[in-house]
Amino acid sequence: MARKHPVITIDGPAGAGKSTAARMLAERLSYTLIPTGAMYRALALSVMRSGVPVREGAELRAHLAPLSITVAAGRVYLDGEDVTEPIRSREVAQVTSDVTTLPSVRAKVTPLQRRPAAEGGVVLEGRDTGTVVCPDAEVKFFLTASLEARAQRRQAELAAAGTPVALDAITSELATRDRQDETRELAPLRRPEGAIELDTSGLTVDQVVERLLAAIEHHKSAPAPAARWSRFYAAMRILAVAVMRLMFRLEALGSENVPERGPVLMVANHSSLLDPPLIGGASDRQLTYLAKAELFEIPLFSRLIRALNARPVRREGADPSALRTARRVLEEGGALLVFPEGTRGEEGDIRPAKPGAGLLAVSSGAAVVPVYVRGSGRAWPKGRRFPRSAKVTVTFGKPLRFEAERGADRKAQYEIASREMMDAISRLRDGMIAGTGQGRPESVRVVGRSGK
Ligand code: DC
């Protein structure tokens, strides 16, 4: 079910004119404005005032847990205090750039931004709003401007606030912040997939707003197309589906539960080497797969699976590079298939999930589609050399969405999310397929509540 009003995201580097344009746009549309940079600045101000060191640790987490950061009518409140003006200083800007690289800071603020956006009718403005906060936003913008134009704007802003600063100093500060924003590990500044890019260098704010409004109008009359397919993948899928229909009488149930666009994390049970092509064949979305790293050592096969969107994952211990790949696929609005159990098991068995899938589900905010494959463990079980003919059914369940609870232990949250997705797969196995969905999550699961 489409949202009644769209979510609009505006990302881009500092000084590209996002804040003013976003505020005016929200006013013109009567939408809620969520200035995400201002929320991070408020958090930085509270860290500065408290003297808590700017690094990951128990002290910072304890400071963040009770913190309240809210926005209303374009003003920003820190524990109820209006901090709209004090957060604009250069000192706060510098500390903000540092604190935003910390995982516990992003884990604290991202849900505060996602929650009000869920219903639509909002304009989000920042660095990661179209990639991480709302990757399923209906309209995404990426505003840019030359470094000179951005520095001149910042200088004028500061002068108007009574702090004249030399242009050189501002230029080098902006360049440093660009680098920090673009290269940080978590939620780096990146043009979101499908975003409309606008160079604001030679434009007035009014002109920028007019262009944004025109693009939104255009979106209303012609919504964004469904996700793109690679030709090779599409051709191979047709071939694979033909073979799998013949050999396994492949049947897909609940395809309407898979969102047509936006990030999707598919989580499936695993009992056969056939599972990835079976799910890829049954799915109307082009998938990216995580496959064991050893497969990428087989010369020709490795090229083939790479072309079919497989990406390597080491199965011993945590694999940060696979996690980065997975995050990136979701940030770009793609559909990723993972087998949370890690290795293949027996037909019909559903085993506990590794915490990695839970981490991805909670941190990406993607729709999580549970998938149950029935029969593949009979068609080609572990230990057999060749497949045999057997009926296979792939069932897609209604999407779930996980959200971190404030202050709760992160590891415990990931475990709960992992457990809940396996429970959803078990329910599909047991035939409890709850009606049909329209590809939008029914409810948001807040994981980490005590007693669960
Ligand atoms: O847009 P701004 O200058 O108010 O942002 C302040 C800082 O916060 C800047 O260093 C980038 C960072 N930021 C972020 O990391 N993620 C966001 N969504 C918004 C801002």
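This structure is a prediction, so every number in the text was calculated from the model and none was measured.

1. Considerations on the overall build of the protein
Line of reasoning, step 1. Across its full length, the protein holds 16 helices and 17 strands.
Line of reasoning, step 2. The C-alpha atoms of the protein give a radius of gyration of 23 Å, which matches the 22 Å a tight globule of 452 residues would have.
Line of reasoning, step 3. Dimensions of the protein, computed from C-alpha atoms along their principal axes, come out at roughly 80 × 45 × 45 Å.
Line of reasoning, step 4. Counting across all 452 residues of the protein, residues that qualify as buried make up 51%.
Line of reasoning, step 5. Total accessible area on the protein stands at roughly 21,100 Å², and carbon and sulfur atoms take up 55% of it.
Line of reasoning, step 6. Each charge class in the protein was averaged separately, 66 positive and 52 negative side chains, and the resulting centres sit 5 Å apart.

2. Focus: the sheet that holds strand β3 (residues 69-72)
Line of reasoning, step 1. Taken in spatial order, the three strands line up as β3-β4-β5 in an open sheet, and their pairing is antiparallel. What marks the edges here is a single partner per strand, and that holds for β3 and β5 (81-82).
Line of reasoning, step 2. Looking at chain direction, β3 and strand β4 (residues 75-78) are connected through four bridges and run antiparallel. When the bridges of β4 are listed, Ile69 appears paired with Leu78.
Line of reasoning, step 3. Of the strands in this sheet, β3, β4 and β5 touch helix α2 (residues 36-50), which is tilted by about 35 degrees from β4.

3. Brief notes about unusual backbone geometry
Line of reasoning, step 1. We note that Ala73 has phi near 45 degrees; this positive angle belongs to a residue other than glycine.
Line of reasoning, step 2. As for its placement among the helices and strands, Ala73 is situated in the loop between β3 and β4.
Line of reasoning, step 3. Phi is positive for Asp79, which is not a glycine, with a value near 45 degrees.
Line of reasoning, step 4. Among the secondary structure elements, Asp79 is positioned in the loop between β4 and β5.

4. As for helix α7 (residues 147-160)
Line of reasoning, step 1. Taking 1.5 Å per residue as the helical rise, α7 with its 14 residues ought to reach 20 Å, and the 20 Å between its terminal C-alpha atoms agrees with that figure.
Line of reasoning, step 2. Among the residues trailing α7, Gly162 stands out with phi positive, at a value near 90 degrees.

5. Notes on the side chain of Thr9
Line of reasoning, step 1. Within the secondary structure, Thr9 sits in strand β1 (residues 7-11).
Line of reasoning, step 2. Ignoring any residue separated from it by four or fewer positions in sequence, one finds Thr9 in contact with Leu124, Thr129, Gly130, Cys134, Ala137, Val139, Lys140 and Phe141.

6. Here's the deal with the nonpolar core
Line of reasoning, step 1. Core analysis: the biggest nonpolar cluster contains 32 residues, and Leu43, Ile69, Ile87, Val105 and Leu124 have the highest contact counts within it.
Line of reasoning, step 2. At the level of elements, α2, α3 (58-64), β4, α4 (90-99), α5 (103-117) and β6 (122-126) are the ones that each hand at least two residues to this core.
Line of reasoning, step 3. If you tally residues by element for this core, the top one is α2, at eight residues.
Line of reasoning, step 4. If sequence neighbours within four positions are ignored, Ile69 has contacts with Met39, Ala42, Leu43, Tyr77, Leu78 and Leu112.
Line of reasoning, step 5. Counting 30 residues, the second-largest nonpolar core is a separate cluster that includes Leu278, Ile279, Leu287 and Ile305.

7. Looking at the sheet that holds β6
Line of reasoning, step 1. On the basis of which strands lie adjacent, the open sheet formed by five strands has the order β2-β6-β1-β7-β8 and parallel pairing. This sheet does not close on itself; its edge strands, each paired only once, are β2 (32-35) and β8 (196-199). Looking at each pair of strands side by side, their axes are set apart by 20 degrees on average, direction ignored.
Line of reasoning, step 2. As paired strands, β1 and strand β7 (residues 139-144) are joined by four bridges and run parallel to one another. Its bridge partner lying in β7, Asp11 is registered against Phe142.
Line of reasoning, step 3. Strands in contact with helix α1 (residues 18-29) are β1, β2, β6 and β7; relative to β6, the strand with the most contacts, it is inclined by about 180 degrees.

8. Considering the confidence of the model for the protein
Line of reasoning, step 1. Residues with a pLDDT of 70 or more make up 93% of the protein, whose mean pLDDT is 89.
Line of reasoning, step 2. The low-confidence segment residues 433-444, where pLDDT is below 50, has 31 contacts with residues more than four positions distant or belonging to other chains.
Line of reasoning, step 3. For residues 447-452, every residue scores under 50 in pLDDT, and the model assigns this stretch 18 contacts once sequence neighbours within four places are set aside.

Calculation notes
- Sequence order as written defines residue numbering, which begins from 1 separately in each chain.
- pLDDT decides what is reported in this predicted model: residues at 70 or higher carry local features, side-chain atom pairs at 80 or more are listed and counted, and totals for whole chains, interfaces and linings draw on all residues regardless.
- To get the side-chain values, all heavy atoms of the structure are used, and hydrogens and water are removed first.
- By definition, any uninterrupted DSSP run of H or I lasting at least four residues is a helix, any uninterrupted run of E lasting at least two residues is a strand, and each is numbered from the N terminus.
- Each radius of gyration is computed over the set of C-alpha atoms, and the globule rule expresses the reference value as 2.2 Å times the number of residues to the power 0.38.
- A 1.4 Å probe rolled over the protein chains alone gives each residue an accessible area, and that area as a share of the maximum for its type sets the label: buried under 20%, exposed over 50%, partly exposed in between.
- Using the Shrake-Rupley algorithm and a 1.4 Å probe, accessible areas are obtained, with residue cover drawn only from the displayed protein chains.
- All tallies of charge rest on Lys and Arg as positive and Asp and Glu as negative; His and the ends of each chain are not included.
- In plain terms, the charge of a residue is placed at NZ if it is Lys, CZ if Arg, CG if Asp and CD if Glu.
- DSSP bridges decide pairing: two strands pair if at least two such bridges lie between them.
- Between two residues, a contact is recorded if the distance between any of their heavy atoms is within 4.5 Å.
- To get an axis, fit a line to the C-alpha atoms, keeping to the stretch in contact for a helix; angles then go from 0 to 180 degrees between the N-to-C directions.
- The span one expects for a helix is its residue count, reduced by one, times 1.5 Å.
- We define a nonpolar core as any set of buried Ala, Val, Leu, Ile, Met, Phe, Trp, Tyr and Cys residues linked to one another through side-chain atoms lying within 4.5 Å.
- What pLDDT expresses is the predictor's confidence in each residue, scored from 0 to 100.

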